Amino acid sequence: MASVDRGSAAAVALVALALAGPSNAQTATPPLAAPLTAQASRVVSFDIPAQPLGQALTAFGRQAGVQIAVDSAAVAGRSSAAVAGSMTPEQALRQLLAGTGLTFQFTSPNAVTVAGVTTAPGALQLDPVRVQASAPPPQAEIGNLPPAFPGGQVARGGKVGLLGNRDYMDTPFSETVYTEQFIKSQQARTLTDVVASDPTVRSGFPDGNSFDDRMMIRGVTVTNPNYGLGGLFGIVPAEADMTGIERVEVFRGPTAFLNGALPGAVGGTINLVPKRATSEPITRAVAMYQSSTQFGGSIDFGRRFGPDDSVGLRLNGTYTNGDTAINNQAAERLALTAGFDFRGENTRIDADIGFLRRDVDAFQGGIFLSAGVQLPPAPNAANSSYQPWERLQGNDLYGAMRFEHDIVDGLTGFLKAGAKRSNLTTVFVNQNIVNWNGNTTVLSSGQYLQNTEALSLEAGARAVFNTGPVKHEAALVGDYLKTQNWSFTNPLTVTNNANIYRPIALPYPSFFGFRQNAPMTSDSVFTSLGLVDALSFAQDRVQIIGGARLQRLQTANYNIVTGLPSSGNDQTVVSPSASIVVRPWKELSFYGNYIQALQQGPIAGAGLVNAGQQFPPFVSTQFELGAKLDLGNFGATLSAFQIQIPSSFVDTSTNSLVTDGLQRNQGLEFTMFGEPIDGLKLLGGFTLLNATLLNTQNGTANGNKAVGTAPFQLALTADWDTPFAKGLGVMGRVVHVGQVYLNTANTQSAPAWTRFDAGLRYAIERSAKLPPVTVRANVINLFDDNYWIATSGWVLQNTPRTFYVSLTVDF
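Owing to the predicted nature of the structure, the values given are computational and were not obtained by experimental measurement.

Caption draft 1: A look at the pairing of strand β21 (residues 347-361). Where burial is concerned, most of β21 is hidden: eleven out of the 15 residues are buried. Across 14 bridges, strand β20 (residues 330-343) lies against β21 in antiparallel orientation. Paired with R333 across the bridge in β21 is R358. Between β20 and β21, which pair antiparallel and follow one another directly, the connecting turn spans three residues. Direction of pairing for β21 relative to strand β23 (residues 391-408): antiparallel, over a ladder of 15 bridges. Looking at the pairing, R358 lines up with G394 of β23.

Caption draft 2: Representation of the nonpolar core in the model. Membership of the largest hydrophobic core comes to 31 residues, with the highest contact counts inside it found for L191, M242, V248 and L272. If you list the elements that add at least two residues to this core, you get α6 (180-185), α7 (191-194), β11 (215-217), β13 (227-229), β15 (245-252), β16 (268-274) and β23. A total of three residues in this core trace back to one element, the largest contributor, which is β15. Counting 25 residues, the second-largest nonpolar core is a separate cluster that includes L53, L57, L93 and F104.

Caption draft 3: Inspection of the sheet that holds strand β14 (residues 232-233) at higher detail. Pairing is mixed in the open sheet, where five strands are placed in the order β9-β15-β16-β13-β14. Each edge of the open sheet carries a strand with a single partner, namely β9 (174-178) and β14. Both β13 and β16 contribute to a ladder of three bridges, which runs parallel. When the bridges of β16 are listed, G228 appears paired with N271.

Caption draft 4: Structural view of helix α5 (residues 89-96). The set of residues buried in α5 consists of P89, A92, L93 and L96. The arc that holds the buried residues of α5, viewed along the axis, is 95°, so those residues lie on one side.

Caption draft 5: How the structure looks around the side chain of Q484. Tracing the chain through its elements places Q484 in strand β26 (residues 470-491). Aside from chain neighbours lying at most four places away, what touches Q484 is N451, T452, E453, M520, S522 and D523.

Caption draft 6: Highlighting the packing of aromatic side chains. Enumeration according to the criterion identifies 17 aromatic pairs in this entry. On the numbers, 5.6 Å between centres and 75° between planes, the contact of F511 with F514 is edge-to-face. For F511, a relative accessible area of 22% translates into the label partly exposed. Measuring from centroid to centroid gives 4.1 Å for W753 and Y787, while their planes differ by 10°, and the two rings are stacked. Of the two residues, W753 sits in strand β40 (residues 753-764) while Y787 sits in the loop between β41 (773-780) and β42 (788-789), which places them 34 residues apart along the sequence.

Caption draft 7: Fine view of the packing of helix α3 (residues 53-64) against α5. It is the contact of α3 with α5, at a shortest axis distance of 11 Å, that shows an interaxial angle of 170°. As far as their axial angle goes, α5 and α3 are roughly antiparallel. For the pair formed by α3 and α5, the contact residues are L53, A56, L57, F60 and A64 on the first element and P89, A92, L93 and L96 on the second. Classifying every residue of the contact of α3 with α5 gives nine nonpolar, no polar and no charged.

Definitions and cut-offs
All chains use their own residue numbering, which begins from 1 and follows the written sequence. A pLDDT threshold of at least 70 governs which residues receive local features in this predicted model, and a stricter bar of 80 or more applies before side-chain atom pairs are shown or counted, although totals over entire chains, interfaces and linings include all residues. Values reported for side chains reflect all heavy atoms of the structure, with hydrogen atoms and water molecules removed beforehand. Here the term buried applies to any residue with accessible area under 20% of the maximum for its type, exposed to any over 50%, and partly exposed to those in between, with areas from a 1.4 Å probe on protein chains only. Secondary structure counts use DSSP, requiring at least four H or I residues in a row for a helix and at least two E residues in a row for a strand, with both numbered from the N terminus. Two strands make a pair as long as DSSP finds a minimum of two bridges between them. Definition used in this section: a nonpolar core is a set of buried Ala, Val, Leu, Ile, Met, Phe, Trp, Tyr and Cys residues joined via side-chain atoms within 4.5 Å. In this description, one arc is meant: the one made by directions from the helix axis to the C-beta atoms. Two residues form a contact once any of their heavy atoms are found within 4.5 Å. Between rings of Phe, Tyr and Trp, where Trp is taken as its six-membered ring, a pair exists when centres lie within 6.5 Å; planes separated by under 30 degrees are stacked, by over 60 edge-to-face, and by other angles tilted. Only the stretch in contact is used when a helix axis is fitted, and all axes are lines through C-alpha atoms; the angle between N-to-C directions ranges over 0 to 180 degrees. Any angle that falls under 35 degrees is termed roughly parallel, while one over 145 is termed roughly antiparallel, one within 65 to 115 roughly perpendicular, and all others oblique. Three residue categories are used. Nonpolar comprises Ala, Val, Leu, Ile, Met, Phe, Trp, Tyr, Cys and Pro, charged comprises Asp, Glu, Lys and Arg, and polar comprises the others, including Gly.

If you want it as structure tokens, here you go:
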């Protein structure tokens, strides 16, 4: 089944009617009625690549700001010509339909009908259906997702902060948007599973059974408070489950100018796009298995109601439980989401609510390394050195609502609001390796309690207008994010002289007399006001984007005994940004950007002596130059960047987070995607990174490599629809990470590692009215290698060979 833009109200119908065959009619477009000439003759900037005609008409309606009515049987199986440049909607539609034998007619100032003059014998006849019930204007976000790139694994673009949704060729930043098709093909259950194929991202934890989804992007750690849900940041659960998620947008580089003041989005941000009801009903069930004995399933239900199907409801749920591939580890997970949307003539509304519950026995935290000791070889990944009674229990309740209204032609106002409440309890033992033989002592242990509440608001307006030959895409956006953290560690007295290769099980400890409620440890309020204008001229071959954001960061730390503020910061700064896109040819664009942003200092994580402490804000800067390629069925981005931030790391001698000096990250990234050969989909690339320490105390670490950064990383995924067996697909992936230093002196390191993954899928055809039944089987760590994962001063055991099997049935 072809993958098309979910905003199409007729997309699924077009695919289902592909057997109807093309029309044999010749184009015979009647002249426009006089009252409609003004609408059809206005000049609009179009950029519609050659693609299936149904998708092309969706893009035309979105970019022209008109509704489309189409005879589904007439467009089924047809492809469009490419349309690019400034022209009238009539001219664009003539180019789009050239050679298809179809006709069009404007029936009102904001509506056009596309139909065939004649129909092939035996073709199924249906009443015309709307490609989109009410096409949003170009400046809108809701219902305006960019279409999928050929191959269906990534989209042509995504949300670029206050600039809204943009095509990747017109974006002066590096971004990859992973689609629902890709998420399903990887059997991705958490965000960690999705970004395993991203060559610019490294996960801080090997799987979804740990504290959070911390990532390292461009050599900087990024955590869940910097992830967005539908463009609202700070409200994503402590671990992002893929239940109810349609797309994952990975944005690289500092984003405070684009997304507002965030806790720590210097390396980049990740935005999760919730699922929406499609034009065709969805009733889907998935049976799931994961080694060793973990079973579960998921449901996906979607319906549209009301006049023109203007109201949509999408419900998703996932439950899994059982033993994982790691000895002594068991995990239970329940994820529920509900998405609502309304599409009116000039008003659009989205709303989401979600719940996530996690319970992990023998969960894996970090392993520390004593000073002067070299890291021994990684133990067997399936043999956990963690205690069976180490446990993680978490639940998250979160939600968001977005409202858009088209005030006048070319001007849209919007409001967004979201909130989150998270509770986390862990029982942990921080192991400390004391010699090359793998002997360990206990560095610290305890029961950690954490509660988080966040409120995120955004309001603003976007406008598209022309001043002479110059096109403007302007936005004024205000953001507010309030986050409160409560945390406390009940210390445990645990002594254990053990070994990572020969773990010793300890008796279950007593929690008698432990504190049950955590005191407030930190409170922050981030506010900002951003203004941007994207100027396009020379037929959109040149774009200059400039703007500034006024940011204010207010933070406070609290004494856990008295409950009174112990320290705090209140800092305001104006952060400028300038970028440019030059597109000399349709297939190639060059870009550059400069971003300056005020960022919150790092927060000490769970298990550290100073857990919950917020460090003072700092100003980060980025310079980036790059080039992008679009060959129709293959795309790529090459970017060179430099980011400068304060250096922070975990000091293993004190088991605390500290800051010392500056960290300058210089890198080169290459990403590629598409379907260069029919049936063969490629995705991946590499990152070269030189992360250097500067201005350290007494200059002792100047010139050394930053802790947790890798000089080289690579990820390449190939997905092949075999021509010799219809419905059979084969997937392979290789991931490589270079050596990582564990201390600022660069005397301790984790060695490089390489992992291979594989997968098979088979689609069993059913009747023409029902999608196929799909069986998927994936294996992570095919050769069951053992290696250390490191993105900070501590290490973790990797995931052992793990099998995933699923059966998907649509009703």
